[in-house]
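# Topology and contacts: notes
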Amino acid sequence: MKTYIKRFLTLTILMILAVILANFHIEYSAQGKLFNNIEDIPKNRVGLVLGAGKYVGESSRVNLYYKYRLEAAFSLFKNKKIDLILISGDNSSIDYDEPSTFKQDLIHLGVPEDKIVLDYAGFRTLDSIVRAHKVFGLTNFTIISQQFHNERAIYLANNNQLNVIAFNAKDIKGKYGLRTKAREYLARTKAIIDVIINKQPKFLGPKIEL
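Only a predicted model underlies this, so the values are computations on that prediction, with no experimental measurement involved. (Residues numbered from 1 in each chain as written. Predicted model: local features only at pLDDT ≥ 70, side-chain atom pairs only at ≥ 80, totals over all residues. Heavy atoms only, no water.)

Turning our attention to the pattern of salt bridges. Taken as a whole and assessed by the stated rule, the structure comprises ten salt bridges. We note a salt bridge from D119 to R131, for which the minimum N-O separation is 2.8 Å. One end of the pair, D119, is in strand 4 (residues 116-119); the other, R131, is in helix 4 (residues 125-134), and twelve residues separate them in sequence. Here the two residues D119 and R131 agree in accessibility, since each one is buried. Among the ionic pairs, R188 bridges to E184, the shortest N-O distance being 3.1 Å. Taken together, the residues R188 and E184, both in helix 6 (residues 174-196) and four residues apart, mark about one turn of the helix. On the accessibility criterion, R188 (2% relative accessible area) is buried. Within the structure, one salt-bridge network assembled from shared partners comprises E151, R152, E184 and R188. (Salt bridge = Lys/Arg side-chain N within 4 Å of Asp/Glu carboxyl O. Helix = DSSP H or I, 4+ residues; strand = E, 2+ residues; numbered from the N terminus. Buried < 20%, exposed > 50% of the residue type's maximum accessible area, 1.4 Å probe, protein only.)

In terms of burial, strand 5 (residues 140-146) is a largely internal element, six of the seven residues being buried. Of the strand pairs in this sheet, strand 2 (residues 46-50) and strand 5 are connected by three bridges, and their pairing is parallel. Following the sheet pairing, G47 is matched in strand 5 by T142. Relative to strand 6 (residues 163-169), strand 5 is paired through seven bridges, and the arrangement is parallel. In the strand pairing of strand 6, I144 is matched with F167. (Pairing = 2+ DSSP bridges.)

Among the nonpolar cores identified, the biggest contains 28 residues, and V49, L76, I85, I87, L106, V111 and I144 are the most heavily contacted of them. Per-element tally for this core: the top contributor is helix 2 (residues 64-78), with nine residues. I144 has contacts with G47, L48, V49, L50, R69, A72, A73, L76, I82, N150 and F167, leaving out every residue within four places of it along the chain. Residues L48, V117, I129 and F141 belong to the second largest nonpolar core, which totals 20 residues. (Core = buried A, V, L, I, M, F, W, Y, C linked by side-chain atoms within 4.5 Å. Contact = heavy atoms within 4.5 Å.)

When you line up the elements, N44 lands in the loop between strand 1 (34-35) and strand 2. In this structure N44 comes out as buried when scored by relative accessible area, which is 15%. A distance of 3.1 Å separates the side chain of N44 from the side chain of T142, its partner in a polar contact. Leave out the neighbours within four places in its chain, and N44 touches K81, I82, D83, N140, F141, T142 and I165. (Polar contact = N/O pair within 3.5 Å; in protein donor to acceptor, adjacent residues only side chain to side chain.)

Now for unusual backbone geometry. Phi is positive for Q161, close to 55 degrees, though the residue is something other than glycine. Assignment of secondary structure puts Q161 in the loop between helix 5 (147-158) and strand 6. Residue Q161 is classed as exposed on the basis of its relative accessible area of 67%. Located in the positive-phi region is N198, a residue other than glycine, with phi close to 60 degrees.

The next thing to look at is the pairing of strand 4. Judged by which residues are buried, strand 4 turns out to be covered on both faces: I116 and L118 on one side and V117 and D119 on the other are all buried. You can see the chain leave strand 3 (residues 84-88), run along helix 3 (residues 98-109) and come back into strand 4, and the turn it takes is right-handed. (Right-handed = clockwise from strand over helix to strand, strands pointing away.)

Bringing helix 3 into the picture now. With twelve residues, helix 3 extends 17 Å from end C-alpha to end C-alpha; this agrees with the ideal 16 Å at 1.5 Å per step. For helix 3, the complete set of buried residues consists of E98, P99, S100, F102, K103, D105 and L106. (Expected span 1.5 Å × (residues − 1).)

Further remarks concern the packing of aromatic side chains. Tallying each qualifying case throughout the model produces three aromatic pairs. Centre to centre, the rings of Y65 and F148 are 6.0 Å apart; their planes meet at 85 degrees, and the pair counts as edge-to-face. Separated by 83 residues along the polypeptide, Y65 in helix 2 and F148 in helix 5 bring together distant segments of the chain. For F148, a relative accessible area of 11% puts it in the buried group. With a centroid separation of 4.2 Å and an interplanar angle of 40 degrees, the aromatic rings of Y66 and F102 are classed as tilted. Placement of Y66 in helix 2 and of F102 in helix 3 is noted, with a sequence separation of 36 residues between them. Of the residues examined, Y66 reaches a relative accessible area of 2% and is grouped as buried. Residue F102 is classed as buried on the basis of its relative accessible area, which comes to 1%. We note K202 situated over the ring of F123; from NZ or CZ to the ring centre the distance is 5.4 Å. (Phe/Tyr/Trp six-rings, centres within 6.5 Å; stacked < 30°, edge-to-face > 60°. Lys NZ or Arg CZ within 6 Å of the ring centre and 35° of its normal.)

Read these as geometric descriptors, not functional statements.
Right under this line is the structure:
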């Protein structure tokens, strides 16, 4: 029994160390590529918005991650830091369509429809990043999400030889934000595993030139 307990404790410690190291590695990979101020960020032709659901669960409460990414994308476009907005999100069912919801709200804010492109197969961050290159032909673009998410997206882009920067949307504080960031630790470990095994998007499909 003591042997099993020792093995269990050793494995647990190794797993915790792996998660911590993954976190630091991904943070390091994003250094110099994250921007908080509109004035400081260089211009790219395309901004890639990483999708999120508009509402929290089944409630009518607006998801602040969605709201702040929407505002960040609009701010970049309004200040001529991007010319096109590529929205990559989940459209895995008829009644769940992240890209179209973003599009409707951006149009409502004043972004012309012909400046918005939708990627309906951005089921995961990896899918969004790799499809931006392999489907939409991009090698240089600006990622738009919260900082913790941008760091992981930059890591994935770096490992696909893409030249990206990221604009940090406003972050979320409180219990809601803490839960999301706790899950992010595991997502970062998974991202490193995906790079090691050369994980590819669920769908690719024909190329679309932007």
